[in-house]
Amino acid sequence: MLRARLSVRSLFSGLVSALAIAPAIAFAQEMPLDYRMNEHIIKVPAGPQHQAMLETTVFQPNGPGPFPLIIINHGKDPGRPSLQPRDRFYHMASAFVKRGYAVLVPMRQGFANSTGRYAEHGCDMTANGYSQAADIRDTLEFARQQPWVDKDHIVVAGQSYGGLATIALGAQKLPGVRGLINFAGGLRDDSDRCAWRSQLVSAFAEYGSKNTVPTLWMYGKNDSLFGPDLAQRMHAAFAQAGGRGRLVEFGAFKRDAHGMLASRDGEKVWLDDTEKFLEEVGMPTAVVHEVPPPPSPARTDYARVDDIDAVPYLSEHGKRAYRDYLTKMTPRAFAVSPSGAWTWAEEGEDPDGRALATCSAKSTQPCRLYSVDDYVVWSGERIDAAEKAAATASVTPQQAAPGSAPTTSVGSTTR
């Protein structure tokens, strides 16, 4: 049995880490809180008798409010939900904070550090959506009680599994909610005898028959999970059952449109149609706050970014990795260490920090960034051939003995 549940991070927060002295290990890195948007984490009560507590990220402008609110809902990574890192939807959150919104990103029951039990209903997509929507409803009720929230100006959005749950939420009366936004919503289940595509169509028909709030749907041409044909079927079923919603089909986005929302470049795709929708439902769209961009390393004249021989401390194995790194999408970052460790990260949130953190965790000496995006940030004197050879000699992989497993690089690409 194979079951696949895809979320935004697993496609577009790709991270590959490797050391020349050991098999590579990739792991999720918790992002630091962003003081520029007053990011903090709260616990939101949910579930029966509100016994569960949802780990919820908050972003908000300076001041007491009340602020219009957007609640953004996550998808599901492979494996155990409790191992899924906290979602932030940083790029989307930044766009909304600039427009004066507070942002809530709740991790539903059983995900990340939220308590409670993750509920799933196999191939019953209708029940899956309703089950996850219950936690969103509890988050909404909590938010409307907060003095910093404008309880009459709220929108709810979701990506992938969170998009399915967001549309399911719209089958209820939702005080204060003016619209729902579905980014590549759905749920894939490749287990035996699960006709998940037709199940999704039936689920959206059910939600459409009870829909109470205007909706916006956005799906990309090269979405690896929910391509144009399926997106049209789901939306048509929703609309024919009585649901109010506009489908926006955008073109191919990078390697996979399913991860568009996680990308730094995704705003170019989703913002215009989202602003139009917000205006239609009476939500603000004007930029009213300045959010400074995060600091970025300065470009240096150390070398061209594609000069592989200039990268310090790399063995031949590391050079092959850097050559592969040059084919990756931006934003991206490559980190190295005098111990011979190297790491690269691409797309998603803070690739600079992820590359450094992963490299440092597996290195006996401090790691530094070598290049970012399409330029070099390394400073200092060039390392001559003899010094480089001495630095990498002890970390050059040995030839594998017959029958043994060679050292390999293992990548994890999150959805």
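Below is a short write-up of the structure. Bear in mind the structure is a predicted one, so any value in this text is a computation, not a measurement. (Residues numbered from 1 in each chain as written. Predicted model: local features only at pLDDT ≥ 70, side-chain atom pairs only at ≥ 80, totals over all residues. Heavy atoms only, no water.)

### Re empty space enclosed by the protein
Part 1: Enumeration according to the criterion identifies two cavities of 30 Å³ or more in this entry.
Part 2: Surrounding the largest cavity, Gln159, Phe183, Ala184, Met218, Tyr219, Gly220, Asp223, Phe250, Ala257, His258, Met260 and Leu261 form its lining.
Part 3: With three residues, the single largest contributor to the lining of the largest cavity is strand β8 (residues 215–220).
Part 4: Here the residues of the lining of the largest cavity sort into eight nonpolar, three polar and one charged.
Part 5: Estimates place the volume of the second largest cavity at around 30 Å³.
Part 6: Forming the boundary of the second largest cavity are Ala95, Phe96, Arg99, Trp270, Leu271, Thr274, Glu275 and Leu278.
Part 7: Listed by contribution, the elements that provide at least two residues to the lining of the second largest cavity are α2 (90–98) and α7 (267–280).
Part 8: Here the element with the most residues in the lining of the second largest cavity is α7; it accounts for five residues.
Part 9: Classifying every residue of the lining of the second largest cavity gives five nonpolar, one polar and two charged. (1 Å grid on protein atoms, 1.4 Å probe; cavity = no way out; pocket = protein on both sides within 12 Å on 5 of 7 lines; lining within 4 Å. Points joined across faces, edges and corners; volume = space filled by probe spheres on them. Helix = DSSP H or I, 4+ residues; strand = E, 2+ residues; numbered from the N terminus. Nonpolar A, V, L, I, M, F, W, Y, C, P; charged D, E, K, R; others polar.)

### Considering the packing of aromatic side chains
Part 1: Counting across every chain of the model gives 18 aromatic pairs.
Part 2: Plain terms: the ring middles of Tyr322 and Tyr325 are 5.4 Å apart, the flat faces sit at 35 degrees to each other, and that makes the pair tilted. Of this pair, Tyr322 and Tyr325 both sit in helix α8 (residues 316–325), separated by three residues, roughly a single helical turn. For the residue pair Tyr322 and Tyr325, the accessibility class agrees, reading buried in each case. (Phe/Tyr/Trp six-rings, centres within 6.5 Å; stacked < 30°, edge-to-face > 60°. Buried < 20%, exposed > 50% of the residue type's maximum accessible area, 1.4 Å probe, protein only.)

### Focus on the packing of α2 against α7
Part 1: Relative orientation of the contacting elements α2 and α7 amounts to 40 degrees, with a least axis distance of 12 Å. Taken together, the axes of α2 and α7 are oblique relative to one another. In this structure, the crossing between α2 and α7 has a hand that is right-handed. Judged by residue contacts, His91, Met92, Ala95 and Phe96 of α2 engage Glu267, Trp270, Thr274 and Leu278 from α7. (Axes fitted to C-alpha atoms, helices over the stretch in contact; angles between N-to-C directions. Parallel < 35°, antiparallel > 145°, perpendicular 65-115°, else oblique. Left-handed = near helix turned anticlockwise from the far one by under 90°. Contact = heavy atoms within 4.5 Å.)

### Some points on the sheet that holds strand β2 (residues 40–46)
Within a sheet, adjacent strands bond to each other through the backbone by hydrogen bonds, running parallel or antiparallel.
Part 1: The sheet built from eight strands is open, its strands ordered β2-β3-β5-β4-β6-β7-β8-β9 with mixed pairing. The open sheet has two edge strands with one neighbour each: β2 and β9 (245–250). Strand after strand, the sheet turns through a mean of 25 degrees between neighbouring axes, direction not considered.
Part 2: Examined bridge by bridge, strand β7 (residues 177–183) and β8 share four bridges and lie parallel to one another. (Pairing = 2+ DSSP bridges.)

### Description of the state of the cysteines
Part 1: All chains considered together, the criterion is met by two disulfides.
Part 2: Disulfide pairing places Cys359 opposite Cys367 at an S-S distance of 2.1 Å. Disulfide Cys359-Cys367: the torsion about the S-S bond is -75 degrees, which places it as left-handed. No difference in accessibility class separates Cys359 from Cys367, as the two residues are buried.
Part 3: When the cysteines engaged in disulfides are numbered in sequence order, the protein pairs them as 1-2, 3-4. (Disulfide = S-S within 2.5 Å.)

### Here we look at α2
Part 1: With eight of nine residues buried, α2 is to be regarded as a mostly interior element.
Part 2: Taken residue by residue, α2 has Tyr90, His91, Met92, Ala93, Ser94, Ala95, Phe96 and Val97 as its buried positions.
Part 3: Buried residues along α2 sit in contact with β3 (52–59), β4 (67–73), β5 (102–106), β6 (149–159), β7 and α7.

### A few points about the pattern of salt bridges
Part 1: For the structure on display, the rule yields 18 salt bridges.
Part 2: Note that Arg36 is salt-bridged to Asp34, the shortest N-O span being 2.6 Å. With respect to class, Arg36 is no different from Asp34; both count as buried.
Part 3: A salt bridge links Lys319 to Asp309; the shortest N-O distance between them is 3.4 Å. With a gap of ten residues between them, Lys319 in helix α8 and Asp309 in the loop between α7 and α8 connect regions that are remote in the sequence.
Part 4: In this structure Lys319 comes out as buried when scored by relative accessible area, which is 14%.
Part 5: Residues joined by salt bridges that share partners form a network here, namely Lys254, Asp265, Lys268 and Glu347. (Salt bridge = Lys/Arg side-chain N within 4 Å of Asp/Glu carboxyl O.)

### Details of helix α4 (residues 161–169)
Part 1: Within α4, nine of the nine residues are buried, which leaves it mostly tucked inside the rest of the structure.
Part 2: Residues Tyr161, Gly162, Gly163, Leu164, Ala165, Thr166, Ile167, Ala168 and Leu169 constitute the buried set of α4.

### Some details on the nonpolar core
Soluble globular proteins tend to pack their nonpolar side chains together in the buried interior.
Part 1: Core analysis: the largest hydrophobic core is formed by 53 residues, its most contacted members being Phe204, Tyr219 and Met234.
Part 2: For Phe204, the residues in contact, after removing those within four places along its chain, are Leu164, Ile167, Gly185, Trp217, Tyr219, Met234 and Phe238.
Part 3: Of all hydrophobic cores here, the second largest spans 33 residues; its members include Met37, Ile181, Trp270 and Val281. (Core = buried A, V, L, I, M, F, W, Y, C linked by side-chain atoms within 4.5 Å.)

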